[in-house]
Amino acid sequence: MHQLPQDIVIQLGLDDADDPKAIGERVARDLGVSPGDLPPLEVKKRSIDARKGHVRFQLTVGAAQPLGPLAEPPPREVRGPARVVIVGDGPAGLFCAYELARHGIAAVVLDRGKPVQPRRKDLKGLNVRGEVDPDSNYCFGEGGAGTYSDGKLYTRSHKRGNVRDVLEILHLHGAPAAILTDARPHIGSNKLPMVVTALRGHLEQVGVEFRFGARVVALCQAKGTVTGVTLSDGEQLEAQAVVVATGHSARDVFRFLTEAGVQLEAKPFALGLRIEHPQPLINHIQYGRFAGHPKLPAASYRLAHTDQGRGVFSFCMCPGGFIVPAATDREGLVVNGMSLSRRDSPFANSGLVTSIELADLEQLGSSDALGGVRLQQRVEAAALAAGGGALRAPATRVTDFLAGRGSSTVPKCSYRPGILGSDVGAVLAESGLSLAQRLRDGLRRFGGNMRGFVSEEAVLVATESRTSAPVRVRRDPDTLQCPELAGVFPAGEGAGYAGGIVSAAVDGMRIARAIAQSHVELCDSSTRVISAGAPSRMGGPQ
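About the cut-offs
Residues numbered from 1 in each chain as written. Predicted model: local features only at pLDDT ≥ 70, side-chain atom pairs only at ≥ 80, totals over all residues. Heavy atoms only, no water. Phe/Tyr/Trp six-rings, centres within 6.5 Å; stacked < 30°, edge-to-face > 60°. Helix = DSSP H or I, 4+ residues; strand = E, 2+ residues; numbered from the N terminus. Buried < 20%, exposed > 50% of the residue type's maximum accessible area, 1.4 Å probe, protein only. Lys NZ or Arg CZ within 6 Å of the ring centre and 35° of its normal. Pairing = 2+ DSSP bridges. Axes fitted to C-alpha atoms, helices over the stretch in contact; angles between N-to-C directions. Contact = heavy atoms within 4.5 Å. Expected span 1.5 Å × (residues − 1). Right-handed = clockwise from strand over helix to strand, strands pointing away. Lys, Arg positive; Asp, Glu negative; His and termini not counted. Salt bridge = Lys/Arg side-chain N within 4 Å of Asp/Glu carboxyl O. Polar contact = N/O pair within 3.5 Å; in protein donor to acceptor, adjacent residues only side chain to side chain. Disulfide = S-S within 2.5 Å.

A. Structural view of the packing of aromatic side chains. Scanning all chains against the criterion turns up one aromatic pair. Taking 5.3 Å as the distance between ring centres and 90 degrees as the angle between the ring planes, the aromatic pair formed by Tyr 301 and Phe 453 counts as edge-to-face. Separated by 152 residues along the polypeptide, Tyr 301 in the loop between helix H7 (279–287) and strand E13 (304–307) and Phe 453 in the loop between helix H12 (435–449) and strand E20 (459–464) bring together distant segments of the chain. Comparing Tyr 301 with Phe 453 shows no difference in burial state: the two are buried. The ring of Phe 57 is capped by Arg 46, whose NZ or CZ atom sits 4.4 Å from the centre of that ring. Directly above the ring of Phe 140 sits Arg 112, whose terminal nitrogen or CZ lies 4.5 Å from the centroid.

Structure, rendered in structure tokens:
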């Protein structure tokens, strides 16, 4: 039996990438051995190479590993009073609770929003009636902003934690096995809610408490140490550690952190529009003559351009997706993108944004930590006014935008509250910065690289403003606690330390390990392990 020296990268045609015989023959040919001399093989990573006009699958192949349980170690039973309060049930908070349970530490997870199922009704109110519930929307509720906005799992945060562990936990609770091998894994907004619910159910089974409709309004403290939290109804919960994992849109959290003496600082972020094309057009641009092949997924793209220190780039690209209303208050209009697991919508959309640097905020006269928040609010309010109400969004054809004018007519669009022909450049002008010109320069560059990207069929919709939090909550790089208030652990996107589902989950688990190290007395070594079924690496939950 020939021993593989290392993982082998091979390329195969579109009809061969799912054929174990073809995979084995290619690996054997590259190694100069007989296919019968190879050990059992497994595909460890899978991606599409569409360069040079010839579309192929690229596979990373290695020797098959013995089957074993997923996501080791499993959580322990953590009955008893919780001494850790986790504020926010997004990926940072959820995975923090999971990792704490692994260490035998009881926690209570608080979320201002609703569980998955009742949250759906409020999303219908957004999409159909243009009604915003400030506590239950695309950003707030069980699973956070990611639950109903696509479920993309791609991340560059491998140096910050165990990304594979996060993916295995998601697979253990119902996510498709493909997320373990796809180069750009994706669950889909129709499947991720079920995964989140299953994960919460597993944690409740071991004793983790979840409370919804529980909005935190203040931190309690004594002698420079946190002692608990106060809820909006006046109830106080005691805690020896408080994890603040509230996502990028919970602006009221910045207020109560400041009131507690926690220091905030402005950080760079990005702001712009969402661009939408017909998906067949993007397929043709990316795949050429291979567009429409049954083995090819809806095509995606990733674009970036930098000029004079300011980046313009695509963000949260959703092939076969929809544009959705992501407002969290009644004073502004925000859009985001999502797609279902099949990615079979006739539209492709992406954020088209430009970086907002600290120098931009200084140019606007902002010297405090919340200058970026105020900038977001101005542009969001301008978009709401330009759309005319009921969350209808102002929109401009890409060709008109490049010509510096508004649109009187606009193409069909996936945004359900509806779009109104308008001038999105005027909306961006409310920022006080040259955002529209930056986006025009980027669009011209992208149109040159992707023939057909600049098209009468392409439309720009305002406004994509919640790419990340414009604020960072200071934390000690070693203890991960706030220097000003011991026991407070900022986590995830809202604290300025993550930028997506997986990176937020990784950060939440890192916080849990820091709590276990600094609060040893919370760990209960007598607790027993409760498994979610311990499926094999090729199976799902039992």
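B. Spatial organisation of the sheet that holds strand E10 (residues 241–244). Strand order in the open sheet formed by five strands is E6-E5-E4-E10-E22, and the pairing between neighbours is parallel. Strands with a single pairing partner mark the edges of an open sheet, and in this sheet they are strand E6 (209–212) and strand E22 (488–490). Across this sheet, the average inter-strand angle for adjacent strands is 20 degrees, counted without regard to direction. In this sheet, E6 lies alongside strand E5 (residues 107–111) in parallel orientation, the contact comprising four bridges.

C. Inspection of the sheet that holds strand E3 (residues 56–63) at higher detail. In spatial order, the strands read E1-E3-E2; together these three strands make up an open sheet with antiparallel pairing. Taken across any chain shown, the strands that pair with only one partner, and hence form the sheet edges, are strand E1 (8–12) and strand E2 (41–49). Averaged over all adjacent pairs, the angle separating strand axes in this sheet is 25 degrees, with direction ignored. With five bridges connecting them, E1 and E3 associate as antiparallel partners. Opposite Ile 8, over in E3, you have Val 61 as the bridge partner. Taken strand by strand, helix H1 (residues 20–31) contacts E1, E2 and E3, and its axis lies near 120 degrees from that of E1.

D. Fine view of helix H9 (residues 371–387). Taking 1.5 Å per residue, 17 residues should reach 24 Å; H9 reaches 25 Å between its end C-alpha atoms and fits that length. For H9, the full list of buried residues reads Gly 371, Gly 372, Val 373, Leu 375, Gln 376, Val 379, Glu 380, Ala 382, Ala 383, Leu 384 and Gly 387. Gly 388 lies just past H9 and shows a positive phi near 90 degrees.

E. Just the pairing of strand E4 (residues 84–87), in detail. Burial of E4 is two-sided: the residues Val 84 and Ile 86 facing one way and the residues Val 85 and Val 87 facing the other way are all buried. Inspection of the sheet shows E4 paired to E5 by four bridges, in the parallel sense. Of the residues in E5, the one forming a bridge with Ile 86 is Val 109. Following the chain from E4 across helix H2 (residues 91–102) to the adjacent parallel E5, one finds a crossover that is right-handed. Summarising the sheet, E4 and E10 pair through four bridges and their orientation is parallel. In the strand pairing of E10, Val 85 is matched with Val 242.

F. Highlighting unusual backbone geometry. Here the bond from Glu 72 into Pro 73 is cis, since omega is -10 degrees, no more than 30 degrees from zero. Structurally, Pro 73 can be placed in the loop between E3 and E4. The peptide bond linking Ala 462 to Thr 463 adopts the cis configuration, its omega dihedral lying at 0 degrees. Mapped onto the fold, Thr 463 is located in strand E20. Phi at Gln 308 is positive, roughly 55 degrees, even though this residue is not glycine. With respect to the helices and strands, Gln 308 occurs in the loop between E13 and strand E14 (310–318). Phi angles above zero are rare outside glycine, and Leu 391 is one such case at about 65 degrees.

G. Representation of the side chain of Glu 493 in the model. Mapped onto the elements of the fold, Glu 493 is located in the loop between E22 and helix H13 (501–518). The charged side chain of Glu 493 is buried without a salt bridge, its nearest counter-charge being Lys 267 at 8.0 Å. Engagement of the side chain of Glu 493 in a polar contact is seen with the backbone nitrogen of Gly 500, the distance being 3.2 Å. Excluding its chain neighbours within four sequence positions, the residues that come into contact with Glu 493 are Gly 247, His 248, Thr 467, Ser 468, Ala 469, Ala 498, Gly 499 and Gly 500.

H. Seen up close, the pairing of strand E16 (residues 335–339). Across the five residues that make up E16, a large majority, five, are buried. The side-chain alternation of E16 yields two buried faces, one formed by Val 335, Gly 337 and Ser 339 and the other by Asn 336 and Met 338. Across five bridges, strand E15 (residues 321–325) lies against E16 in antiparallel orientation. Among the inter-strand pairings, Gly 321 is bridged to a residue of E16, identified as Ser 339.

I. Highlighting the state of the cysteines. Evaluation of the coordinates by the stated rule reveals zero disulfides. Cys 318 takes part in no disulfide bond, and the closest cysteine sulfur, belonging to Cys 316, lies 4.1 Å away. For Cys 318, a relative accessible area of 0% puts it in the buried group. Among the cysteines around Cys 413, which has no disulfide bond, Cys 318 carries the closest sulfur, lying 13 Å off. Here Cys 413 falls in the buried class, since its relative accessible area comes to 18%.

Functional significance is not addressed by these values, which are geometric in nature.
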